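Fold and contact review
Take a look at the letters that make up each chain.
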Amino acid sequence: MDTNQFKGHEQVVYLHDKETGLKAFIAVHDTSLGPAAGGCRMWSYNNEMEALTDALRLSRGMSYKNAVAGLKLGGGKAVIIGNSRTDKSEALFRAFGRMIDSLGGKYISAEDVGISVEDMEIVAKETRHVAGLDKGAHASGDPSPFTALGVFLGIKAAVKHKLGRDDMKGLRVAVQGVGHVGYYLCKHLYEAGASLFVSDINKDALSRVEGEFKAKVVDLDKIISADVDILSPCALGAILNDETINLIKANIIAGAANNQLARDDHGKLLMDRGILYAPDYVINAGGIINVAAETRGEYDVNWVMAKVEKIYDNLTVIFDRSVAENRPTNHIADEMAQDIIDKAHALKS
Ligand code: NAD
């Protein structure tokens, strides 16, 4: 396994429940800022080591995302090994809920790839350390509109920094993936006067944005190299890699997808090409901010909006520092996150 992925993790738990077949890892990366929060992913990993590596990498990413978003939450992640279409059962999610409960609140779970709100409602029967629910007095519901709003504000910050403009009128934006987040993002961009170019493997999702926002459909393999001002990856991870970076014509990359850089040093390649990259975990924090509101025990949309609006300021600081220090934006963001965590850790100890 990739032992480099162990980076200051506080605790990693493995559960194999023979009765239900549940095999899962929970990785608690850091709790200096508060309980470790991060979604649960269900995926057909080839083996336990692959799943552990993912849990370690993703939980660290959550520490950074939560820190820069100004949340009193640490970073954690759970992964369940299994096929999300065929391996789900009530018993399995209840066993997973008991696993979370045994950590006594150190880890708070929510939905991620392969996990639905319904699954989390089952988990919630065994533990209260779950968020992202639809029911209940303080349920936060679908996080996607908040993620999309944060991405829209992040795009505005990038446009201001790179193009010196406060408005989006006539700017050409390519959106890869018009699912939950991509749809709401297209709505904001259209209302702000941008021209949209979209791709998706789902024809219904494409028709919707074509019809509602006059978006032009682009072939799947042409969206990265589209002749646009802004490229907004809202589908897949690792989309910025050795093959794609040289094809990009956009001046700005700002989208919702997690882990957009295939490797850390791709941030430097983008900088060298003069492309402004909005670090993914900074710009896409709107969803976790909304989920965090639920963990406070009292859902308050004004609290959520104030934090989502701060994404504009956070990115402006990162962009300015990147220019002043001649360093890639992803390195500046990582450093900012680590600083916040280190300060909280020092205060605690
Ligand atoms: P989603 O599944 O609703 O949408 C993703 C869309 O991408 C789908 O319509 C899918 O058909 C499309 N797609 C898949 N493969 C594609 C390809 N090769 N080319 C073009 N389109 C493709 O997911 P979502 O909730 O909208 O999330 C989008 C991205 O943002 C994901 O990477 C997710 O991890 C990240 N994200 C989402 C949230 C949130 O609040 N939903 C928060 C933070 C990060």
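Residues numbered from 1 in each chain as written. Predicted model: local features only at pLDDT ≥ 70, side-chain atom pairs only at ≥ 80, totals over all residues. Heavy atoms only, no water.

1. Some words on the site of the ligand
Not every one of the 21 residues close to the ligand is listed here, only the nearest: Thr147, His180, Val181, Asp200 and Asn258. Contact distances for the ligand include 2.6 Å between an oxygen atom and a side-chain N or O atom of Thr147. Between the ligand and Asn258 there is a distance of 3.0 Å, counted from an oxygen atom to a side-chain nitrogen or oxygen. Secondary structure elements with two or more residues in the shell around the ligand: helix 4 (144–163) and helix 5 (180–191). Counted by class, the shell around the ligand contains nine nonpolar, 10 polar and two charged residues. (Near = heavy atom within 4 Å. Polar contact = N/O pair within 3.5 Å; in protein donor to acceptor, adjacent residues only side chain to side chain. Helix = DSSP H or I, 4+ residues; strand = E, 2+ residues; numbered from the N terminus. Nonpolar A, V, L, I, M, F, W, Y, C, P; charged D, E, K, R; others polar.)

2. Structural notes on the nonpolar core
One finds Ile155, Met168, Val175, Leu189, Ile289 and Leu315 to be the most contacted residues of the largest nonpolar core, which totals 69 residues. Ranked by residue count, the leading element in this core is helix 4, at 10 residues. Excluding residues within four positions of it along the chain, Ile289 makes contact with Ala69, Leu71, Trp303, Val304, Lys307, Val308 and Ile311. Membership of the second largest hydrophobic core comes to 23 residues, among which are Met42, Ile100, Ile115 and Ile122. (Core = buried A, V, L, I, M, F, W, Y, C linked by side-chain atoms within 4.5 Å. Buried < 20%, exposed > 50% of the residue type's maximum accessible area, 1.4 Å probe, protein only. Contact = heavy atoms within 4.5 Å.)

3. Some details on the packing of aromatic side chains
Ring pairs (aromatic) are described by centroid distance and by the angle formed between their planes. On inspection of all chains with the given rule, the structure shows five aromatic pairs. With centroids separated by 4.7 Å and ring planes inclined at 40°, the aromatic side chains of Tyr14 and Phe25 adopt a geometry described as tilted. Highlighted residues: Tyr14 in strand 1 (residues 11–17) and Phe25 in strand 2 (residues 22–30), separated in sequence by 11 residues. Plain terms: the ring middles of Tyr190 and Phe213 are 5.6 Å apart, the flat faces sit at 45° to each other, and that makes the pair tilted. In this pair, Tyr190 sits in helix 5 while Phe213 sits in helix 6 (residues 203–213), placing the two residues 23 residues apart along the sequence. With a relative accessible area of 30%, Tyr190 lands in the partly exposed category. Ring pairs connect the aromatic residues Tyr183, Tyr184, Tyr190 and Phe213, which therefore count as one cluster. Arg208 extends its terminal NZ or CZ atom over the ring of Tyr183, reaching a point 3.6 Å from the ring centre. (Phe/Tyr/Trp six-rings, centres within 6.5 Å; stacked < 30°, edge-to-face > 60°. Lys NZ or Arg CZ within 6 Å of the ring centre and 35° of its normal.)

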